[in-house]
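Architecture and fold: a report
This is what each chain is made of:
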Amino acid sequence: RGAEPRDGTGLLRRTMTDRVDEFRDACAAIARRHDRERYLACLYAPAERHDALLAVLAANHEIAKTAEVVSEPGLGAIRLQWWREAFDGIEGAAPRVHEVVLPLAEAVFGHGLRLDRLRAIVDAREADLDGEPPADLDELDRYAAASCMPHWRRCWVATRLWAGKPEPPGGCWG
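Residues numbered from 1 in each chain as written. Predicted model: local features only at pLDDT ≥ 70, side-chain atom pairs only at ≥ 80, totals over all residues. Heavy atoms only, no water.

On to the overall build of the chain, then. Within the chain, the secondary structure is distributed over nine helices and zero strands. Start at the N end of the chain and walk to the C end: the helices and strands fall as α-α-α-α-α-α-α-α-α. Of all 174 residues assigned to the chain, the portion counted as buried reaches 36%. Of all intrachain contacts in the chain linking residues separated by at least 6 positions in sequence, the fraction that spans at least 24 positions is 57%. In the form shown here, the chain has an accessible surface area of approximately 10000 Å², with 54% of it arising from carbon and sulfur atoms. (Helix = DSSP H or I, 4+ residues; strand = E, 2+ residues; numbered from the N terminus. Buried < 20%, exposed > 50% of the residue type's maximum accessible area, 1.4 Å probe, protein only. Contact = heavy atoms within 4.5 Å. Areas by Shrake-Rupley, 256 points an atom, 1.4 Å probe, with all protein chains shown as cover.)

Bringing the packing of aromatic side chains into the picture now. Remark: the centre distance and the inter-plane angle together describe each pair of aromatic rings, the angle taken between the planes. Under the definition given, this model contains two aromatic pairs. On the numbers, 5.0 Å between centres and 80° between planes, the contact of tryptophan 82 with tryptophan 83 is edge-to-face. Measuring from centroid to centroid gives 6.0 Å for tryptophan 83 and phenylalanine 87, while their planes differ by 50°, and the two rings are tilted. Of this pair, tryptophan 83 and phenylalanine 87 both sit in helix H5 (residues 73–91), four residues apart, which is roughly one turn of the helix. For tryptophan 83, a relative accessible area of 2% gives the class buried. (Phe/Tyr/Trp six-rings, centres within 6.5 Å; stacked < 30°, edge-to-face > 60°.)

A few words on the pattern of salt bridges. For the structure on display, the rule yields 14 salt bridges. When the shortest N-O distance is used, the salt bridge between glutamate 91 and arginine 119 registers 2.7 Å. Of this pair, glutamate 91 sits in helix H5 while arginine 119 sits in helix H7 (residues 116–125), and the two are 28 residues apart along the sequence. Between aspartate 116 and arginine 117 there is a salt bridge; the shortest N-O distance is 3.9 Å. Arginine 117 gets classed as partly exposed once you look at its relative accessible area, which sits at 28%. (Salt bridge = Lys/Arg side-chain N within 4 Å of Asp/Glu carboxyl O.)

Another aspect to go through is the side chain of arginine 84. By the secondary structure assignment, arginine 84 is in helix H5. Overall, arginine 84 belongs to the buried group, its relative accessible area being 17%. With residues up to four places along the chain from it excluded, the contact list for arginine 84 reads Arg119, Val122, Asp123 and Glu126.

Right, let's get into the nonpolar core. Counting residues in each nonpolar core, the largest one holds 22 residues, and the members touching the most others are Ile63, Trp83, Phe87, Ile90, Val100, Leu104 and Leu115. Where this core is concerned, the elements lending two or more residues are helix H1 (9–34), helix H3 (50–64), H5, helix H6 (101–111) and H7. Beyond its immediate stretch of four places on either side in the chain, valine 100 contacts Cys27, Ile30, Ala55, Ala58, Ala59, Glu62 and Trp83. Within the second largest apolar cluster, eight residues are counted, among which are Ala28, Ala31, Leu53 and Leu57. (Core = buried A, V, L, I, M, F, W, Y, C linked by side-chain atoms within 4.5 Å.)

In short, geometric facts, not functional conclusions.
Structural data, given as C-alpha cells:
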C-alpha cells in the first residue's frame, strides 16, 4: 500500500468503502425483512448481481413505505422528492451518502441499472398520499402496473439475462 495523500482523500476513500460495505448489508437486511420472497428470488441470480438487485429491492421498499411513515401528505411529497433528488445525484455522479442510495449508485454504474423505472414508481406512489382507494378496477390495474410491476419485471428480466437466458414472453409480475 502506498503513502496516503496529504489531503485526506485516501482516508475518505477507505471510510466510504467501509460505509458502502455496511450499506450493502443494510440493503440485504431491508430486503430480507420486508420483501422476503423477492429477497430469496434474488439469491438465484448470479452472485455478482446480488448486491445490485438487493439495492433495488431496498429502494423500492423505502419508496413504497412513504405513505405509512408520514403523518400528512405534504411530508410524503417531500420524502418522494428526496428520492427524485437522490436519483438526480446518482445520475450526476454525486450520490447521497445513504444506506440505499450508495448501493443503488453502484448498481447504476456497475450494472447499467436505469433509474427511469424507479422514478416511475416514485411518481406512482404519489397516489398513496391522498388516502383514497382507486375508483375502479381499471385504475387499480394502472396503479399496480406503475407502482410495482415494471420494477419487478425488470429485476426478473435482468436476472434471466445475466444468467444468459432469454426474456420470456408475457406480461409483468408483481
